Each structure stands twice: as structure tokens, then as C-alpha cells.
Amino acid sequence: MRIVHYPHPTLRHVSKDLRLVDADLRKTVAEMFELMYEARGVGLAANQVDLPYRLFIANPEGEPDSKETEFVFINPRFLERKGMAEAEEGCLSLPGLYAQVKRPEQVVINAYNLAGEEIKYELDGLFARIVQHECDHLDGVLFIDRLTPTGRMALSESLAEFELDFRSHQDRGELPSDDEIAARLNELELART
Ligand code: CO
């Protein structure tokens, strides 16, 4: 398992709800936490590790030893979104890029945890921002899609470099083709969603 970078097609995949939580999924989630901490992130969505599951993890403290702030959100839904706030965001699939993003300030989110129990949290500040950024991933949306035209323009050169880099890896056969990626996602989806 590894974190895929923009413009990997799985980042644009709209994931379907998971049908069950089992030992395999728990193993996947444990691996995702390892990768997230390694990359010094505070959130990671299944799309970012090339999996078509409606699932993301978060730890607003971002430290492997802060287990009490580790969260798993399976099949998340927003029950409420209020206010508006602007803050800087980055993404492990767009390393090195940061921009100001406007989002609702407070959210109520409903999901299932790894024990298969229903959870509901009222969040604000950084944690509210993380869960919205990660839920966007599950819908194939990236923070660069939420920028002002000026913000987007400021990143356009870097994005073009990411695109060139990804396509040249594909051309050299170091990454699967778009068709191969789509076929694998379809297979995984049939098995679990
Ligand atoms: Co991200």
C-alpha cells in the first residue's frame, strides 16, 4: 500500500458505501494509519491509497502516540454544516502544495467506526476541516477544486508538473494505465460495496 499522488485516477473515483467491517478492513485501516503518520498527515482517505471504499481515517494531533485521538469514519454523512471559515490546507496526494480553502466552520458528522458502531460527532476548527477535506476525497473532490480562480492560478504551474510527472511514470510502465486502474477499482468495489 502506498499514497497515490495527483492526478492518479482513483483520486477522482466516487466511492460507494462499504457493506461490512471485517478483519481485512481492520488490517487495511492499520496500514493506512502507518502511512499517514509516516507522511506526517492528519487525515487520509481510502482513495489516497488506491482503494474505492467510503472510509477515511484522522488524527487531529497527527502523532502516532496520541491513540485517543485516532478516528476511523466508515460511510460518513454530514447531518449539519454551519458558518464559514477560511484556512490553509494541504493534501498528502499533492505534497508541497498549500492554499487557503473556505469551508463550513462547524459540522455534525455521522459514520460507523471499526467496531461497526454508529458514531456522531459535532466538530469545529481543525477537526471539522479535516473531516470535510477527507469526505471530499470519497466523492473524488480535491482541495484544489475548492480554490478561488486566483488561488487556482497560483498553483497551476505546480499542478502541471504533477500531471507531467504522473503521465511519464505511466509511459515508462512504472504505474498502471488508467484502464488497469479502473479495472482493479471495479473488482474491489464488486467485492466489498
Ligand atoms: Co487530501
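Provided above is the structure to which this section pertains.
Quantities reported herein were computed from a predicted structural model and do not represent experimental measurements. (Residues numbered from 1 in each chain as written. Predicted model: local features only at pLDDT ≥ 70, side-chain atom pairs only at ≥ 80, totals over all residues. Heavy atoms only, no water.)

A. Highlighting the overall build of the protein chain. A tally of regular secondary structure across the protein chain gives four helices and seven strands. From first element to last, N terminus to C terminus, the protein chain shows the α and β order α-β-β-β-β-β-β-β-α-α-α. The C-alpha radius of gyration computed for the protein chain amounts to 16 Å, which stays within 12% of the reference 16 Å derived for 193 residues, consistent with globular compactness. Taking the principal axes of the C-alpha coordinates as reference, the protein chain spans close to 45 × 40 × 30 Å. For the protein chain, buried positions account for 47% of its 193 residues. Here the analysis covers contacts within the protein chain between residues at least 6 apart in sequence; of these, 66% occur between residues at least 24 apart. (Helix = DSSP H or I, 4+ residues; strand = E, 2+ residues; numbered from the N terminus. Rg over C-alpha atoms; globule rule 2.2 N^0.38 Å. Buried < 20%, exposed > 50% of the residue type's maximum accessible area, 1.4 Å probe, protein only. Contact = heavy atoms within 4.5 Å.)

B. Structural view of the nonpolar core. Membership of the largest hydrophobic core comes to 20 residues, with the highest contact counts inside it found for Leu 44, Leu 55, Ile 57 and Val 72. Listed by contribution, the elements that provide at least two residues to this core are α1 (23-38), β2 (55-58) and β3 (71-82). In terms of residue count, α1 provides more of this core than any other element does, seven residues in total. Residue contacts for Leu 55: discarding those within four places in its chain leaves Leu 18, Leu 25, Val 29, Met 32, Ala 45, Ala 46, Val 72, Phe 73, Ile 74 and Leu 138. Residues Ala 58, Phe 71, Ala 111 and Phe 127 belong to the second largest nonpolar core, which totals 16 residues. (Core = buried A, V, L, I, M, F, W, Y, C linked by side-chain atoms within 4.5 Å.)

C. Structural view of the coordination of the cobalt ion. Donor atoms from the polypeptide that bind the cobalt ion are Cys 91 (SG), His 133 (NE2) and His 137 (NE2), placed at 2.0 to 2.3 Å. Binding-site remark: the cobalt ion is held by donors from one chain whose sequence spacing is C-x41-H-x3-H. Of this pair, His 133 and His 137 both sit in helix α2 (residues 125-138), separated by four residues, roughly a single helical turn. Judged by relative accessible area, His 133 falls into the buried class, the value being 7%. Residue class for His 137 comes out buried when judged on its relative accessible area of 0%. (Donors = N, O, S within 2.8 Å, 3.2 Å for Na, K, Ca; no water.)

D. Up close: the side chain of Thr 10. Note that Thr 10 resides in the segment before α1. Setting aside chain neighbours within four positions, we find Thr 10 in contact with Asn 47, Asp 50, Leu 51, Ile 181 and Leu 185.

E. Broad picture of the environment of Leu 44. Along the chain, Leu 44 falls in strand β1 (residues 43-45). Accessibility expressed as a relative area gives 0% for Leu 44, which makes it buried. Between the C-alpha atom of Leu 44 and that of Asn 113, which follows or precedes it by 69 residues, the distance is 15 Å. If sequence neighbours within four positions are ignored, Leu 44 has contacts with Ile 3, Met 32, Leu 35, Met 36, Val 49, Phe 56, Ile 57, Leu 92 and Glu 134.

F. The pattern of salt bridges, seen in detail. Taken as a whole and assessed by the stated rule, the structure comprises 16 salt bridges. Note that Glu 189 and Lys 16 form a salt bridge whose closest N and O atoms lie 2.9 Å from each other. Residue Glu 189 is found in helix α4 (residues 178-192), and its partner Lys 16 is found in the segment before α1; the two are separated by 173 residues along the sequence. Take Glu 189: its relative accessible area is 8%, and that puts it in the buried class. A salt bridge links Asp 17 to Arg 54; the nearest nitrogen and oxygen atoms lie 4.0 Å apart. Linking Asp 17 in the segment before α1 with Arg 54 in the loop between β1 and β2, this pair joins segments that are 37 residues apart in sequence. Take Arg 54: its relative accessible area is 13%, and that puts it in the buried class. Sharing partners across several salt bridges, the network here consists of Glu 89, Arg 103, Arg 129, Asp 136 and Arg 146. (Salt bridge = Lys/Arg side-chain N within 4 Å of Asp/Glu carboxyl O.)

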